[in-house]
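Read off the chains here:
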Amino acid sequence: MNTEKTILIAEDESGIADSLIYALKTEGFASTWVQTGKDALSIVADKKCDFVILDIGLPDMSGFDVLKKIRQSSKIPVLCLTARSDEIDRILGLELGADDYVSKPFSPREVTARIKAVFRRTESSDKNTDSPFQIDMNKRQITYFGKKLSLSRYEFDILVLFANRPGWIFERQKIMDLVWLEPDDSFDRTVDAHIKMLRAKLKAVNPDVDPIETHRGIGYSLKDNL
Ligand code: CA
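Given the structure is predicted, the values throughout are model-derived calculations rather than measurements.

It is worth spelling out the overall build of the chain at this point. A count of helices and strands for the chain gives 8 helices and 11 strands. On C-alpha atoms alone, the chain measures out to a radius of gyration of 18 Å, which is about the 17 Å that the 2.2 N^0.38 rule sets for 226 residues. Expressed along its principal axes, the backbone C-alpha trace of the chain runs to roughly 50 × 40 × 35 Å. The burial tally for the chain puts 46% of its 226 residues in the buried class. Taking as baseline every contact in the chain between residues at least 6 positions apart, the subset at least 24 positions apart corresponds to 58%. Roughly 12100 Å² of accessible area belongs to the chain as shown, and the carbon and sulfur atoms make up 48% of that amount. Within the chain, one finds 33 positive and 36 negative side-chain charges whose respective centroids are separated by 5 Å.

Rendered as structure tokens:
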């Protein structure tokens, strides 16, 4: 296949790298594995890959520094692997230029699903990017296809979270952590219930569009090419 994409895996743990290499092969991707930030940067500089899976905890330099260096010269998609929640906060909070992240431990299938989602998103970003959502944070008001939505506090916050990062897949746990003041243990059902309500309200405005995508066993995202 001449359209085969090469995924660079920058990860110092061989067990994790092995499972990723296998999962990528299953999905038709080629892969290159390096264990240091320095090697990752040289492969990106030589344009020998189409996508980077970047562990934040590399032995020679932090993945954050690797990402900053990559972004000085390249827009190549980057998915970060994180082991700590404060790293996730940094990825989400600062405009470091990551395209998505996965927290350890993860299933290799989840990683390939996210890679495919990022490719879909980056490849469609040249097309029409007019969002049907207009958000007024001061009034806490969202307009959808020109109609004002009547949303609960949580529905509003979930939709803002999604709309700020179209195409990102948010785990239920992460939605709960970011939106709820007091996250509870039944987050799966709580988040699902709010998404269901949100979907119904969006459907009432435009029955032909279902902007929220369900990723089975992972979480939810907002479609990026609405
Ligand atoms: Ca590591």
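Glancing now at the confidence of the model for the chain. Detailed reading of the predicted model is not advised wherever pLDDT is low. Looking at the chain as a whole, its pLDDT mean stands at 89, while 95% of the residues score no less than 70. Mean pLDDT values for the elements of the chain range from 73 in helix α4 (residues 85-93) up to 98 in strand β1 (residues 6-10).

Tracing the chain through its elements places Gln-72 in helix α3 (residues 63-73). Sequence-wise, Gln-72 and Ile-16 are 56 residues apart; in three dimensions their C-alpha atoms are separated by 28 Å.

Attention now moves to the side chain of Asp-55. Within the secondary structure, Asp-55 sits in strand β3 (residues 51-55). Separated by 3.3 Å, the side chain of Asp-55 and the backbone nitrogen of Gly-57 make a polar contact. A distance of 3.1 Å separates the side chain of Asp-55 from the side chain of Lys-104, its partner in a polar contact. Asp-55 has contacts with Ala-10, Glu-11, Asp-12, Gly-63, Leu-81 and Lys-104, leaving out every residue within four places of it along the chain.

Analysis parameters
- Residues numbered from 1 in each chain as written.
- Predicted model: local features only at pLDDT ≥ 70, side-chain atom pairs only at ≥ 80, totals over all residues.
- Heavy atoms only, no water.
- Helix = DSSP H or I, 4+ residues; strand = E, 2+ residues; numbered from the N terminus.
- Rg over C-alpha atoms; globule rule 2.2 N^0.38 Å.
- Buried < 20%, exposed > 50% of the residue type's maximum accessible area, 1.4 Å probe, protein only.
- Contact = heavy atoms within 4.5 Å.
- Areas by Shrake-Rupley, 256 points an atom, 1.4 Å probe, with all protein chains shown as cover.
- Lys, Arg positive; Asp, Glu negative; His and termini not counted.
- Charge placed at Lys NZ, Arg CZ, Asp CG, Glu CD.
- pLDDT = per-residue confidence, 0-100.
- Polar contact = N/O pair within 3.5 Å; in protein donor to acceptor, adjacent residues only side chain to side chain.

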